[in-house]
Amino acid sequence: MAVDLARILATVTPLVEGMLLLDTLRFATPGGPPVFNPDTGLYEAPEGQTLYEGPGAVQPGSLPETASAVVATQPWVNETTSKYKAFTPLTAPISARDTIVTVVAIHDGGDQTLVGRQWRAMDPSQGGTLGVIRITSLDQITQTGGEE
């Protein structure tokens, strides 16, 4: 008996989307360097053209990593790489490197402090022939006084 994998994936995809993609994300081209927002006290990356706005989720991918200077006698660099993953439907466009990802809305009962938080796409969105959702690797846009 042959398994019809395409039919199984077509059945699983809406189930996974309905359980995971509960929030609203915006993917936009970068609109320039970070700008200080006096209302929030944070530096925010201006967004350019919106590429996608719709269902999605952002989750931590692993623990932050701290980079060191190239020369062993130099101090540690203050910048960290905060690895996250964005999940969107397969119908969402593939995001390019440096795309700005912003949380627009959070589902009831979710962490509302994430609304407005931003990440930068580290690479183009991942794809696979057996995928049920699109995955994009992210690095959180950190608050370093405008220098990233």
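Treat the numbers as computed from the prediction; the structure is a model and nothing was measured.

Cut-offs and rules
Residues numbered from 1 in each chain as written. Predicted model: local features only at pLDDT ≥ 70, side-chain atom pairs only at ≥ 80, totals over all residues. Heavy atoms only, no water. Helix = DSSP H or I, 4+ residues; strand = E, 2+ residues; numbered from the N terminus. Buried < 20%, exposed > 50% of the residue type's maximum accessible area, 1.4 Å probe, protein only. Contact = heavy atoms within 4.5 Å. Core = buried A, V, L, I, M, F, W, Y, C linked by side-chain atoms within 4.5 Å. Salt bridge = Lys/Arg side-chain N within 4 Å of Asp/Glu carboxyl O. pLDDT = per-residue confidence, 0-100. Patch = residues over 30% accessible without salt bridge, like charges linked within 9 Å, V, L, I, M, F, W, Y side chains within 5 Å. Areas by Shrake-Rupley, 256 points an atom, 1.4 Å probe, with all protein chains shown as cover. Pairing = 2+ DSSP bridges. Axes fitted to C-alpha atoms, helices over the stretch in contact; angles between N-to-C directions.

Caption draft 1: Quick look at the overall build of the chain. A tally of helices and strands in the chain yields one helix and ten strands. In the chain, the order of α-helices and β-strands from amino to carboxyl end is α-β-β-β-β-β-β-β-β-β-β. The proportion of buried residues among the 148 residues of the chain is 30%. Long-range contacts, defined as pairs at least 24 residues apart, comprise 61% of the intrachain contacts of the chain with a sequence gap of at least 6.

Caption draft 2: Looking closely at the nonpolar core. Ranked by internal contacts, the top residues of the largest apolar core, which has 14 residues, are L25, F27, V58, A86, V103, W119 and L138. Only β1 (23-30), β4 (47-60), β7 (83-88), β8 (100-105) and β9 (118-121) provide two or more residues apiece to this core. Setting aside anything within four residues of it in sequence, one finds L25 in contact with Y52, E53, G54, G56, A57, V58, A86, F87, T88, T102, V103 and V104.

Caption draft 3: Geometry of the environment of A121. Position of A121 among the secondary structure elements: in strand β9. Given the relative accessible area of 2%, A121 is considered buried. Through-space distance from the C-alpha of A121 to that of V101 is 7.1 Å; in sequence the pair is 20 residues apart. Beyond its immediate chain neighbours, meaning those up to four positions away, A121 contacts S95, A96, R97, D98, T99, T136, S137 and L138.

Caption draft 4: Focus on the pattern of salt bridges. Evaluation of the coordinates by the stated rule reveals five salt bridges. With a closest N to O distance of 2.9 Å, R26 and E53 form a salt bridge. On the criterion of sequence distance, the pair formed by R26 in strand β1 and E53 in strand β4 is long-range, its members being 27 residues apart. Within the structure, one salt-bridge network assembled from shared partners comprises R26, E47 and E53.

Caption draft 5: Main features of unusual backbone geometry. The backbone of D98 shows a phi angle near 75°, a positive value even though the residue is not glycine. If you trace the backbone, D98 turns up in the loop between β7 and β8.

Caption draft 6: Summary view of the side chain of T99. Structurally, the position occupied by T99 is in the loop between β7 and β8. What makes T99 buried here is its relative accessible area of 3%.

Caption draft 7: Structural context of the confidence of the model for the chain. In the predicted model, the chain carries a mean pLDDT of 82, and 80% of its residues have values of at least 70. When mean pLDDT is compared element by element in the chain, β1 scores highest at 96, while strand β5 (residues 65-68) scores lowest at 49. Segment residues 144-148: pLDDT under 50, and ten contacts once partners within four positions in sequence are set aside and those in other chains are kept.

Caption draft 8: Structural context of a nonpolar patch on the surface. On the surface, V3, L5, I8, V12 and L130 cluster together into a nonpolar patch covering about 430 Å² of accessible area. Mapped onto the secondary structure, I8 falls in helix α1 (residues 5-20).

Caption draft 9: Structural context of the pairing of β4. In this structure, β1 lies alongside β4, joined through seven bridges in antiparallel fashion. Pairing of R26 across the sheet is with E53, part of β4. Here four bridges tie β4 to β7, and the two strands are oriented antiparallel to one another. What sits directly across from P60, in β7, is Y84.

Caption draft 10: The sheet that holds β8, seen in detail. Spatial ordering of the closed barrel is given by β1-β4-β7-β10-β9-β8, a layout of six strands whose pairing is antiparallel. In this sheet, adjacent strand axes meet at a mean angle of 45° when their direction is disregarded.

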